[in-house]
Amino acid sequence: MKSRSLLPEIKALTKNLLEGGEDFLLLKQSADSLYQIFSSITGIKANSLENNEIVLPTGKAISSASAAHCLIEFMRTAVFLRGIYKAIQQKKEEEKQPVQILYAGCGPYATLITPLLSLYQQGEVEVTVIDINKKSLNSAKGLIEYLGLGGFIHDFLFTDAAKFNFDRKYDIIISETMSSCLEGEPLPHILHNLAPQMSSEAIFIPEKVTIDAYLTNPELEIARMRWENRDKGIVDKIFIGKIFEFDLQNNEGEKLKGEVDIPEDTGTYYELKLFTTIQVFADEMLKERDCSLTLPKKFYDFRQKRYADKIDFWLDVTGHPKINCKVVEFT
């Protein structure tokens, strides 16, 4: 099959992801179809046992296979594509021509930009693509050029986004180098490096990441996720406090912390978990369990003994990002 003959199919699948709402079957089928196209061209499969992850001082750059798997997480792919598309359209309305995009951490398919390029004409969008994983970068370059989309690319750069210095003004910067609770991967370091270089009008995607603390009942969590209970209004968690918001204005250690008070009676809600909410752009949100990026993380279990009245949490960015905590007031 000739490469350009694939573009109408990629365009149709991309529109399904952008316009499919919560039609989960359509979204899954569309993401899976894009994966089949991209993996067949690049030869990089999500189930590959090859591990070429790179451990940096600022966090783990995941392997090409793991990055390929991200495309299959259909809600993650759909919501990020929707947010990026809205950001591009906003910049086009501001008469930015072409809209200058920096994509930091592209993975083997440049998943968050390659599908969208099928919707535009050359000259409307120009992208600088960077990755620290040489195999992923070469794969993304080969895919984009194979599809005849190379005219949208300013450059492919083999570099570390946590150390990258701009040589031009970018309208939109994309970096999905994260996991739940911002742990392990280098997004906090990347934003800390790039934010001071950005113009006041520039958009960073994801726009905001919020970490909240809840007391949960594990049995009710499982019950609520069952299909037959979807409309029963099961309350499986109780909000006890916001830990922090991570965005362009809040990306340094002193701002990435919070304190929560534990209710005197936790009842059957005995596990303290942190939940991640991602505002990709505008109203495009990834919420609890929409994908692996928003899976909750357990920190305390009060089942045996209640021992904490107040707990401090903070994002430690002295090395690989990690949320730490300590009890500051005991029962």
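Relevant structure appears above.
Described below are features of the structure shown in this document. What you see is a predicted model, and the numbers here were worked out from it, not measured in a lab.

Focus: the layout of surface pockets
- Quantified by volume, the largest pocket comes out at close to 710 Å³.
- Lining the largest pocket are 19 residues, with Phe24, Arg224, Glu288, Arg289 and Asp290 sitting closest to its centre.
- Contributing elements (two or more residues each) for the lining of the largest pocket: helix H4 (74-93), helix H8 (218-225) and strand S12 (284-286).
- The dominant element in the lining of the largest pocket, judged by the number of residues it contributes, is H4, at 4 residues.
- Each residue belonging to the lining of the largest pocket can be placed in one class, and the counts come to 7 nonpolar, 1 polar and 11 charged.
- Roughly 520 Å³ of internal volume is contained in the second largest pocket.
- At 3 residues, helix H3 (residues 64-72) tops the list of elements feeding residues into the lining of the second largest pocket.
- Here the lining of the second largest pocket is composed, by residue class, of 17 nonpolar, 12 polar and 7 charged.

Side note on helix H7 (residues 187-194)
- Most of H7 sits inside the fold, with 7 of its 8 residues counted as buried.
- Tucked inside the fold, the buried residues of H7 contact strand S3 (99-104), strand S6 (172-174), strand S7 (203-205), strand S9 (237-246) and strand S14 (308-316).

A few points about the packing of helix H2 (residues 24-42) against helix H6 (residues 134-146)
- Here H2 crosses H6 at 110°, and the two axes come no closer than 9 Å. Taken together, the axes of H2 and H6 lie roughly perpendicular to each other. Facing Phe38, Ile41 and Thr42 of H2, the residues of H6 in contact are Ser139, Leu143 and Tyr146.
- Here the residues of the contact of H2 with H6 sort into 4 nonpolar, 2 polar and no charged.

What about H2?
- In a regular helix each residue adds 1.5 Å, so 19 residues correspond to 27 Å; H2 covers 26 Å between its end C-alpha atoms and thus fits that length.
- Taken together, the buried positions of H2 are occupied by Leu27, Ser30, Ala31, Leu34, Tyr35, Ile37, Phe38 and Ser39.
- Phi for Gly43, located one or two positions after H2, is positive at around 80°.

Considerations on the packing of aromatic side chains
- If you walk through the whole model with that rule in mind, you get 12 aromatic pairs.
- An angle of 50° between the planes, with centres 6.2 Å apart, marks the rings of Phe24 and Phe74 as tilted. Residue Phe24 is found in helix H2, and its partner Phe74 is found in helix H4; the two are separated by 50 residues along the sequence.
- Centre to centre, the rings of Tyr214 and Phe275 are 5.1 Å apart; their planes meet at 70°, and the pair counts as edge-to-face. On the criterion of sequence distance, the pair formed by Tyr214 in strand S8 (residues 208-216) and Phe275 in strand S11 (residues 271-281) is long-range, its members being 61 residues apart.

Description of the packing of helix H1 (residues 7-19) against H2
- For the pair H1 and H2, the least separation of the axes is 9 Å and the interaxial angle reads 145°. For the element pair H1 and H2, the recorded crossing hand is left-handed. Judged by residue contacts, Glu9, Ile10, Leu13, Asn16 and Leu17 of H1 engage Leu26, Leu27, Ser30, Ala31, Ser33, Leu34, Ile37 and Phe38 from H2.
- For the contact of H1 with H2, a count of residues per class yields 9 nonpolar, 3 polar and 1 charged.

Some details on unusual backbone geometry
- In this model, Gln97 is joined to Pro98 through a cis peptide bond whose omega is -10°.
- Mapped onto the fold, Pro98 is located in the loop between H4 and S3.
- The omega angle of the peptide bond from Ile205 to Pro206 is 10°, so this bond is cis rather than trans.
- Turning to its location among the elements, Pro206 is positioned in the loop between S7 and S8.
- The residue Cys181 is not glycine, and still its phi comes out positive at about 60°.
- Tracing the sequence through the fold places Cys181 in the loop between S6 and H7.
- Cys181 sits in the buried class, given a relative accessible area of 0%.
- The phi angle at Leu182 is positive, at roughly 60°, despite the residue not being glycine.
- Examined against the element boundaries, Leu182 turns out to sit in the loop between S6 and H7.

Re the sheet that holds S14
- The sheet built from 3 strands is open, its strands ordered S10-S14-S15 with antiparallel pairing. The sheet is open, and its two edges are formed by strand S10 (257-261) and strand S15 (322-330), each paired on a single side. In this sheet, adjacent strand axes meet at a mean angle of 20° when their direction is disregarded.
- Sheet analysis places S14 next to S15, joined by 8 bridges and oriented antiparallel. Bridge pairing in S15 links Asp316 to Lys322.

Reading guide: rules and limits
- Residues numbered from 1 in each chain as written.
- Predicted model: local features only at pLDDT ≥ 70, side-chain atom pairs only at ≥ 80, totals over all residues.
- Heavy atoms only, no water.
- 1 Å grid on protein atoms, 1.4 Å probe; cavity = no way out; pocket = protein on both sides within 12 Å on 5 of 7 lines; lining within 4 Å.
- Points joined across faces, edges and corners; volume = space filled by probe spheres on them.
- Helix = DSSP H or I, 4+ residues; strand = E, 2+ residues; numbered from the N terminus.
- Nonpolar A, V, L, I, M, F, W, Y, C, P; charged D, E, K, R; others polar.
- Buried < 20%, exposed > 50% of the residue type's maximum accessible area, 1.4 Å probe, protein only.
- Contact = heavy atoms within 4.5 Å.
- Axes fitted to C-alpha atoms, helices over the stretch in contact; angles between N-to-C directions.
- Parallel < 35°, antiparallel > 145°, perpendicular 65-115°, else oblique.
- Expected span 1.5 Å × (residues − 1).
- Phe/Tyr/Trp six-rings, centres within 6.5 Å; stacked < 30°, edge-to-face > 60°.
- Left-handed = near helix turned anticlockwise from the far one by under 90°.
- Pairing = 2+ DSSP bridges.

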